[in-house]
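Examining the three-dimensional arrangement
Below are the chains, spelled out letter by letter.
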Amino acid sequence: MISVDEASRALVVESSSAKVTSTATASGKSKTSSGDREFTFDDVFGPTSTQERVYESAVKPMVRDVLDGYNCTVFAYGQTGTGKTHTMSGAHDAECDVLSSEAGIIPRAMSHVFEYLERAELEYHVKVTYLELYNEEITDLLGPPLEADGSNKMKHALMEDGKGAVTVKGLEEVYVRSMQEVFTVLNRGTTRRRTEETLLNKQSSRSHSVFSVTVHI
């Protein structure tokens, strides 16, 4: 059994014997005299955690860093059916001016970006790309539609940009000026993602996807 202690930012894996207090080491693993194990992290989120709390704790500081000119990445990892897509995209409504309580990291981050830029009255532009990696093949989710057999019309290769960074050649870059345009782009790309039923998830995303945002100020 696994229990979450949000106050001490720990996960406790309980053995069948009585639970005892464990002391976490610097590596995050516990030292215990019984079968219980305790792991500490920068933060942990239990079953009652909200989308807002996840964003405020884990992502909002990074968005501030992006607006200060740094490159940042949010990476969601886990088994199928564990909620990666829900955490990143969540539920959103393109017709609403206010994010729903179930909105995920991407729409919340984009809302944060636009609020900051408009409040600061800066000259700026924001562009996004959206790709899918499936069976070692890259698909541009915002580019031309796939062939009838599901294959790409255009092949996209990973390349170095000469500065040590890696880019994907030929991706469609879409400029967005509002949250409504962000929702349109998200919906456009998400409907093209490959899904397939598994034993754990009726609409499992069978691929990895990367939504990238570039802010020029």
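Note that the structure is a prediction, hence the values are computed from the model and not measured.

**Section: helix H3 (residues 105-120)**
When the terminal C-alpha atoms of H3 are compared, their 22 Å separation across 16 residues agrees well with the 22 Å that a helix rising 1.5 Å per residue should span. Turning to H3, its buried residues are Ile105, Ile106, Pro107, Arg108, Ala109, Met110, Ser111, His112, Val113, Phe114 and Leu117. Structurally, H3 contributes buried residues whose contacts are with helix H1 (51-67), helix H2 (84-88), strand S6 (125-134), strand S10 (174-176), helix H4 (179-190) and strand S13 (208-216).

**Observations concerning the pattern of salt bridges**
Inspection of the entire model under this criterion finds 5 salt bridges. Two residues, Arg53 and Glu6, come together in a salt bridge whose shortest N-O distance is 3.2 Å. Of this pair, Arg53 sits in helix H1 while Glu6 sits in the loop between strand S1 (2-5) and strand S2 (10-13), placing them 47 residues apart in sequence. A salt bridge links Glu173 to Lys127; the nearest nitrogen and oxygen atoms lie 3.3 Å apart. Remark: Lys127 occurs in strand S6 and Glu173 occurs in the loop between strand S9 (166-168) and S10; sequence separation between them is 46 residues. Connected through shared salt-bridge partners, Glu6, Asp43 and Arg53 make up one network.

**A closer look at the packing of H3 against H4**
Contact pair H3 / H4: the axes reach a minimum separation of 10 Å and the direction vectors enclose 150 degrees. Here H3 is positioned roughly antiparallel relative to H4, judged by the angle of their axes. For the pair H3 and H4, the crossing hand works out as right-handed. Residue-level contacts link Ile106, Pro107, Met110, Ser111 and Phe114 of H3 to Met179, Val182, Phe183 and Leu186 of H4. In the contact of H3 with H4, the residues fall into 8 nonpolar, 1 polar and no charged.

**Let's talk about the layout of surface pockets**
Taken as a whole, the second largest pocket spans an internal volume of roughly 730 Å³. What lines the second largest pocket is a set of 30 residues, among which Phe45, Val54, Thr82, Gly83 and Thr87 lie closest to the centre. Counting residues per element, the ones that place at least two in the lining of the second largest pocket are H1 and H2. Residue contributions to the lining of the second largest pocket peak at 5 residues, all from H1.

About the thresholds
Residues numbered from 1 in each chain as written. Predicted model: local features only at pLDDT ≥ 70, side-chain atom pairs only at ≥ 80, totals over all residues. Heavy atoms only, no water. Helix = DSSP H or I, 4+ residues; strand = E, 2+ residues; numbered from the N terminus. Expected span 1.5 Å × (residues − 1). Buried < 20%, exposed > 50% of the residue type's maximum accessible area, 1.4 Å probe, protein only. Contact = heavy atoms within 4.5 Å. Salt bridge = Lys/Arg side-chain N within 4 Å of Asp/Glu carboxyl O. Axes fitted to C-alpha atoms, helices over the stretch in contact; angles between N-to-C directions. Parallel < 35°, antiparallel > 145°, perpendicular 65-115°, else oblique. Left-handed = near helix turned anticlockwise from the far one by under 90°. Nonpolar A, V, L, I, M, F, W, Y, C, P; charged D, E, K, R; others polar. 1 Å grid on protein atoms, 1.4 Å probe; cavity = no way out; pocket = protein on both sides within 12 Å on 5 of 7 lines; lining within 4 Å. Points joined across faces, edges and corners; volume = space filled by probe spheres on them.

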